[in-house]
Amino acid sequence: KVDEGESTFLTSTQQKLKKYEKYYIPTPEIEGYGANKSVVEGIATKDLEQVVQYTKKTYQIVYILNDGKFSVPLSDIPSTYIYRENPLLPDASKMLRENYVFDGWYENSEFKGDPITCIDDCKEPFGNKVFYAKWKGSTFNITYYLNDRPNEYNNKNGAYYYQPEATDSIAT
């Protein structure tokens, strides 16, 4: 409000304005919120009141699938989020890669740090996000048979071949 000579305009710092003086004040930034005006400006009159409305920002989520894919419709996967709302990232039940098991989302392509399950787990809990899918090879049990006899020396074309143990585990 402007009194008969001066007024006080409250922002992050107080500013004294003279009546009919032009003013131009940058809108204070608030983490995770956007203002409907980047500046407040005008001419100081007797009843000066400027209102800045803040709304929560919407941020983008990008998934780097590393040869995997989603096993559910894309409409079931969050592609945006709103500040302080905490969407869960797709878990293993929504991820698919042949011969691999989903091993979590990471904020970096080197898979350093802890896996991320929701936006609040991030180092910076706001802003556009990129998440990298980590996969580990599935484990299979393989039983070897040569000439229908496991785990022994076998004669094939007149030569003897050693048969490894009947069951070995390998990772793909």
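Residues numbered from 1 in each chain as written. Predicted model: local features only at pLDDT ≥ 70, side-chain atom pairs only at ≥ 80, totals over all residues. Heavy atoms only, no water.

Visitor: Lay out the overall build of the protein chain in plain terms, naming residues and giving numbers.
Guide: For the protein chain, the helix and strand inventory stands at zero helices and 16 strands. The burial tally for the protein chain puts 25% of its 172 residues in the buried class. Summed over all atoms, the accessible surface of the protein chain reaches about 12,000 Å², with 48% contributed by carbon and sulfur. (Helix = DSSP H or I, 4+ residues; strand = E, 2+ residues; numbered from the N terminus. Buried < 20%, exposed > 50% of the residue type's maximum accessible area, 1.4 Å probe, protein only. Areas by Shrake-Rupley, 256 points an atom, 1.4 Å probe, with all protein chains shown as cover.)

Visitor: So what's going on with the sheet that holds strand β9 (residues 80-82)? Which residues, and what values?
Guide: The four strands lie next to each other as β9-β7-β12-β11, forming an open sheet whose pairing is mixed. Each edge of the sheet is formed by a strand with only one pairing partner; in this case those strands are β9 and β11 (100-106). This sheet shows a mean twist of 30° between the axes of neighbouring strands, independent of strand direction. (Pairing = 2+ DSSP bridges. Axes fitted to C-alpha atoms, helices over the stretch in contact; angles between N-to-C directions.)

Visitor: Pulling in residues and values, what's your account of the packing of aromatic side chains?
Guide: One pass over the structure, following the stated rule, counts eight aromatic pairs. With a centroid separation of 5.4 Å and an interplanar angle of 35°, the aromatic rings of Tyr59 and Tyr81 are classed as tilted. One end of the pair, Tyr59, is in strand β7 (residues 58-64); the other, Tyr81, is in strand β9, with 22 residues separating them in the sequence. A relative accessible area of 3% means that Tyr81 is categorised as buried. Taken together, Tyr63, Phe70, Phe102, Trp105 and Trp135 form an aromatic cluster joined through their ring pairs. (Phe/Tyr/Trp six-rings, centres within 6.5 Å; stacked < 30°, edge-to-face > 60°.)

Visitor: A description of the environment of Asp91 should follow, citing residues and the corresponding values.
Guide: Considering the arrangement of structural elements, one finds Asp91 in the loop between β9 and β10 (95-96). As a C-alpha pair, Asp91 and Phe102 span eleven residues in sequence and 8.1 Å in three-dimensional space. Within the local environment of Asp91, its side chain forms a polar contact with the side chain of Ser93, the two groups lying 2.5 Å apart. (Polar contact = N/O pair within 3.5 Å; in protein donor to acceptor, adjacent residues only side chain to side chain.)

Visitor: Run through the side chain of Arg97, naming residues and quoting values.
Guide: By secondary structure assignment, the location of Arg97 is in the loop between β10 and β11. Polar side-chain contacts of Arg97 include one of 3.2 Å to the backbone oxygen of Asn66. Beyond its immediate stretch of four places on either side in the chain, Arg97 contacts Asn66, Asp67, Gly68 and Trp135. (Contact = heavy atoms within 4.5 Å.)

Visitor: Now, about the confidence of the model for the protein chain: what can you tell me, with residues and values included?
Guide: Taken as a whole, the protein chain shows an average pLDDT of 74; of its residues, 63% reach a score of 70 or greater. Low pLDDT, under 50, characterises residues 1-14; the stretch is placed with 36 contacts to residues that sit more than four places away or in other chains. This model gives residues 151-172 a pLDDT under 50, and the stretch forms 52 contacts once residues within four places in sequence are excluded. (pLDDT = per-residue confidence, 0-100.)

Visitor: Give me a nonpolar patch on the surface: which residues, what numbers.
Guide: Residues Val62, Ile64 and Val130 make up a contiguous nonpolar surface patch of roughly 190 Å² in combined accessible area. For Val130, the position within the fold is in strand β12 (residues 129-137). (Patch = residues over 30% accessible without salt bridge, like charges linked within 9 Å, V, L, I, M, F, W, Y side chains within 5 Å. Salt bridge = Lys/Arg side-chain N within 4 Å of Asp/Glu carboxyl O.)

Visitor: So what about the pattern of salt bridges? Which residues, and what values?
Guide: Here the idea is simple: oppositely charged side chains can pair when their charged atoms come close. Enumeration over the complete set of coordinates arrives at two salt bridges. One salt bridge connects Asp67 with Arg97, and the closest N-O pair in it is separated by 3.8 Å. With Asp67 in the loop between β7 and β8 (69-70) and Arg97 in the loop between β10 and β11, this residue pair connects regions lying 30 residues apart in the sequence. A residue is classified by how much of its surface remains accessible, and Asp67, at 67% relative accessible area, is exposed. Among the ionic pairs, Lys134 bridges to Asp103, the shortest N-O distance being 3.7 Å. Here the residue Lys134 occupies a position in strand β12, and Asp103 occupies one in strand β11, the gap between them amounting to 31 residues. Here Asp103 falls in the partly exposed class, since its relative accessible area comes to 26%.

Visitor: Quick rundown of the nonpolar core? Include the residues and the values.
Guide: By size, the foremost hydrophobic cluster in this structure holds 17 residues, and its most contacted members are Tyr63, Trp105 and Phe131. Only β7, β11 and β12 provide two or more residues apiece to this core. Each residue touching Phe131, except ones within four places of it in the same chain, is listed here: Ile61, Val62, Tyr63, Ile64, Leu89, Trp105, Tyr106, Glu107, Ile116, Ile119 and Cys122. (Core = buried A, V, L, I, M, F, W, Y, C linked by side-chain atoms within 4.5 Å.)

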